[in-house]
Structure formats: structure tokens, C-alpha cells
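Structural description and commentary
One letter stands for each residue in the lines below.
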Amino acid sequence: MKEDFDVDGELGFEPAVSATGAEPRETPGETTPGETPRETERPKRGRRGGLRRRLGAGAIIAAALASMGGAYAAFATTSGASDTTTGAQDIAAGKQLYETSCITCHGANLQGVKDRGVSLIGVGGAAVYFQVSTGRMPASGQGAQQSRKTAKFDEQQTNQIAAYVQSIGGGPTLPTGSLRDGNIAEGGNLFRLNCASCHGTTFKGAPLSAGKTAPSLNQASDQQIYAAMLTGPENMPVFSDNQLTPAEKRQIVNYVQTLKASKDPGGNGIDRIGPVSEALVIWVGGVGALMIAILWIGAKAQ
Ligand code: HEC
Ligand code: HEC
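Treat the numbers as computed from the prediction; the structure is a model and nothing was measured. (Residues numbered from 1 in each chain as written. Chains lettered and ligands numbered in written order. Predicted model: local features only at pLDDT ≥ 70, side-chain atom pairs only at ≥ 80, totals over all residues. Heavy atoms only, no water.)

**Re the coordination of the iron atom of ligand 2**
At the metal site, the iron atom of ligand 2 is ligated by His-199 (NE2) and Met-236 (SD), and these contacts range over 2.0 to 2.2 Å. Coordination at the iron atom of ligand 2 is octahedral, judged from the six donor atoms that bind it and the angles of 87 to 178° they form at the metal. On the criterion of sequence distance, the pair formed by His-199 in helix α9 (residues 196-199) and Met-236 in the loop between α10 (222-231) and α11 (246-261) is long-range, its members being 37 residues apart. Judged by relative accessible area, His-199 falls into the buried class, the value being 11%. (Donors = N, O, S within 2.8 Å, 3.2 Å for Na, K, Ca; no water. Tetrahedral: all angles 85-135°; square planar, octahedral: opposite > 155°, others 65-115°. Helix = DSSP H or I, 4+ residues; strand = E, 2+ residues; numbered from the N terminus. Buried < 20%, exposed > 50% of the residue type's maximum accessible area, 1.4 Å probe, protein only.)

This is the structure:
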């Protein structure tokens, strides 16, 4: 084996030889015929390594840009969700969902089906949003009051069905943007005047006559509270914008949600109306103001 290299001998030293004796290691300038493939491979491998490194860096930058873009897109779609639901594509998607899950009870033209489901003409996107997001619809059966369940559709699908029903039947829709605003104390007065008789002063809910119940408000979101007022599900009266202005509705939402958030982990905190819960309300309001300030600074920075 050694002779192979001795024949060449040009470099004046013996290249390091591997156990098999056929593979010299780093020997620049080696010209042994047996080594040619090795030699041409080496520099190539070096170049490939560099390329790989460059590709690696490029991939990282591309991935970072893509994820930023993705995050932006996600943010843009959530913040603009209510604008996009009116798009023709969403209406078409909503129509399809309606035809698979709602048409048997509400009919092909929303006109309702005798002994199955009521007409949806004029109920509006807000009623669909309320019924579907609280899991009441699609109904599991006739007769009994539909109670809150795990929603069958996600937020996007719910908005799509709402957009479809809205496009055919018209009716009230949920306003976009924040649904909380105004003076919490004033919201409390409005709540006691308009809602507490059925839902209780601490939102626990209460039985009504004829086996119906006014449910607890503890699981309701801002949109659901607003939509309930706007559409009056079941035995709940409709609070039209003449009865409670949009500003008053936002005050009520603000009051209910703020007090829920300030509840003791024990659960009974808001039964006490005293210095403690007032301090909590102020604290929560302060955090809200801080969040608004942060968002404002963030928006200015863009
Ligand atoms: C099994 C029959 C059935 C199915 C399926 C069903 N509904 Fe209903 N729906 C009803 C009945 C019955 C009512 C009235 C009950 C009530 O008011 O509590 C109702 C009420 C509603 C209301 C309230 C109407 C109003 O006047 O405020 C909306 C909105 C609604 N349904 C939407 C839907 C949508 C959207 C779907 C499909 C995702 C759906 N429903 C599927 C039976 C059904
Ligand atoms: C006459 C009694 C009555 C009054 C007054 C009333 N509600 Fe209701 N509310 C109900 C009933 C009954 C339901 C259940 C409807 C259903 O199951 O379809 C309900 C449901 C709701 C829900 C849905 C809760 C959930 O998680 O599913 C919200 C939110 C709500 N009401 C808010 C209000 C607000 C806010 C007011 C005051 C502006 C109010 N209600 C006034 C009877 C009432």
C-alpha cells in the first residue's frame, strides 16, 4: 500500500494513511490517481458547507419574516374580522354551513319550518351570533328552552353564518370595536333597572315562571351580552336602541364584565358592595386605561 504514495513522493513526506491505507487525510496538492476523486470532492464539500451556512441564515431570515407576516396577517384578520364577514366569500361559506346545520328547521329561505323552527327573516346577524356562539343553535330538539352549550362552530364560522342570514333577511347587527364604555356606576344603575329583576343583582340568574330560566351571566362575553340586549332571546325582552341607546348598552356591558372580573376566587366577592369591590373596580379601570395607553403608543409607533 505504501508504495502507492512512494511512487509519487513529490511532497517529500508520507501522507497520513487511514487504517485501510487507501485514504490519505488532509494532504493538499496530492496528485495520486487513486486520490483524485477525494481531492475534487474536498474543496466542493467546503463550498457546499458555506452554501449550506448561507442557505441556513437565509432560511432563518425567511422564516422570521414569514412568521412576522403570519403574525401580522393573524392580527389583521382578527382586528378586521367584522369587516371581512360581509365579504361575498364569507356569505357563500355561511350559506353552506346554514344548509348543512340549520336549513332543516329554519327553511331554505329562512322562512321557518312548521313545528321545527321559527323564521329568521329580520332577526339579523346579531341574533345568529348570539344563538350560535352560546351553543344554543343548532338546537338539539324542539320545545324546551335551549340552554347554553359548547359552541358547535368557531368564531369565523359563526360570523359567516351570521353574514349569510343578514344578507338574506336583514335585521340588527353587532357594532364593531369595543363594546365596553362609559361610567361603571351608571352602568350599574341601568343594570339594576333593566336586567336585575330576571338575572339577579349578582348575575347568578333566576328561575322565571312556566319552567323558564334567566341564566347566569358569568360565561357571557361582551358580544353575547350586547347581542342578548339587541335581540331578546326567548323570554328576554328586546332592548332596542330607543330603549337603551348603544352608549347605555356599552355601559351595562362594562359594568357586568368589570364586576365579574373583580370577583373573589371564592366566588361571592361582588355580593358585597363596599370599599373593597370599589377599589377593585377602580383598579381594573386603571389597568384598562394603561392597556389603552400601551395600545395607543404602539399604534403611534407604527
Ligand atoms: C332542531 C331544529 C333547529 C335547528 C337545527 C336550528 N334551529 Fe335555530 N331555532 C329553532 C327553534 C325551535 C328556535 C326557537 C327557540 C327559542 O327561541 O328558544 C330557534 C331559534 C333560532 C334563532 C332565534 C330567532 C329569534 O327570533 O331570535 C336563531 C337566530 C336561530 N335559531 C339560528 C339558527 C342557526 C344559525 C342554526 C344553524 C346553525 C339553527 N338555528 C339551527 C330550531 C332549530
Ligand atoms: C324578563 C326577564 C329578563 C330580563 C329583564 C333580561 N333578561 Fe337576559 N335573559 C333572559 C332569559 C329568559 C334568557 C335566556 C334566553 C335563552 O335561553 O334563549 C336571557 C339570556 C341572557 C343572556 C345570555 C346568557 C348566556 O350566557 O347564555 C345575557 C347575556 C343576558 N340575558 C343579558 C341581559 C341583560 C344585560 C339584560 C338587561 C339589559 C337582560 N338580560 C334582561 C331573561 C331576561
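**Digging into the side chain of Asn-254**
As for its placement among the helices and strands, Asn-254 is situated in helix α11. Aside from chain neighbours lying at most four places away, what touches Asn-254 is Arg-180, Asp-181, Gly-182 and Ile-184. (Contact = heavy atoms within 4.5 Å.)

**A look at the site of ligand 1**
Ligand 1 sits among 19 residues. The nearest are Cys-102, Cys-105, His-106, Arg-116 and Met-137. Between ligand 1 and the protein, one listed contact pairs a nitrogen atom with a side-chain N or O atom of His-106 at 2.7 Å. Where the shell around ligand 1 is concerned, the elements lending two or more residues are α5 (103-106) and α6 (124-133). (Near = heavy atom within 4 Å. Polar contact = N/O pair within 3.5 Å; in protein donor to acceptor, adjacent residues only side chain to side chain.)

**Regarding α10**
For α10, a buried count of nine out of 10 residues is recorded, marking the element as mostly surrounded by other parts of the structure. Taken as a whole, α10 has its buried residues at Asp-222, Gln-224, Ile-225, Tyr-226, Ala-227, Ala-228, Met-229, Leu-230 and Thr-231. As for α10, its buried residues are in contact with α6 and α11. Gly-232, located one to two residues past α10, shows a positive phi value of around 55°.

**A few points about unusual backbone geometry**
That bond from Met-137 to Pro-138 is cis: its omega, 0°, falls within 30 degrees of zero. Of note in the backbone geometry, Glu-234 takes a positive phi value of approximately 50° without being a glycine. Mapped onto the elements of the fold, Glu-234 is located in the loop between α10 and α11.

**Some points on the pattern of salt bridges**
Scanning all chains against the criterion turns up five salt bridges. Two residues, Lys-95 and Glu-99, come together in a salt bridge whose shortest N-O distance is 3.0 Å. Of this pair, Lys-95 and Glu-99 both sit in helix α4 (residues 88-101), four residues apart, which is roughly one turn of the helix. Looking at Lys-95, the relative accessible area reads 37%, which means it is partly exposed. You can call Glu-99 partly exposed: its relative accessible area is 37%. (Salt bridge = Lys/Arg side-chain N within 4 Å of Asp/Glu carboxyl O.)

**Remarks on the coordination of the iron atom of ligand 1**
Around the iron atom of ligand 1, the protein contributes the donor atoms His-106 (NE2) and Met-137 (SD), which lie 2.0 to 2.2 Å from the metal centre. Its six donor atoms give the iron atom of ligand 1 angles of 87 to 178° at the centre, a pattern that matches the octahedral case. With a gap of 31 residues between them, His-106 in helix α5 and Met-137 in the loop between α6 and α7 (155-169) connect regions that are remote in the sequence.

**Re the environment of Asn-159**
By secondary structure assignment, the location of Asn-159 is in helix α7. Exposure remark for Asn-159: the relative accessible area of 17% places this residue in the buried category. For Asn-159 and Val-132, which are 27 residues apart along the polypeptide, the C-alpha to C-alpha distance reads 9.3 Å.

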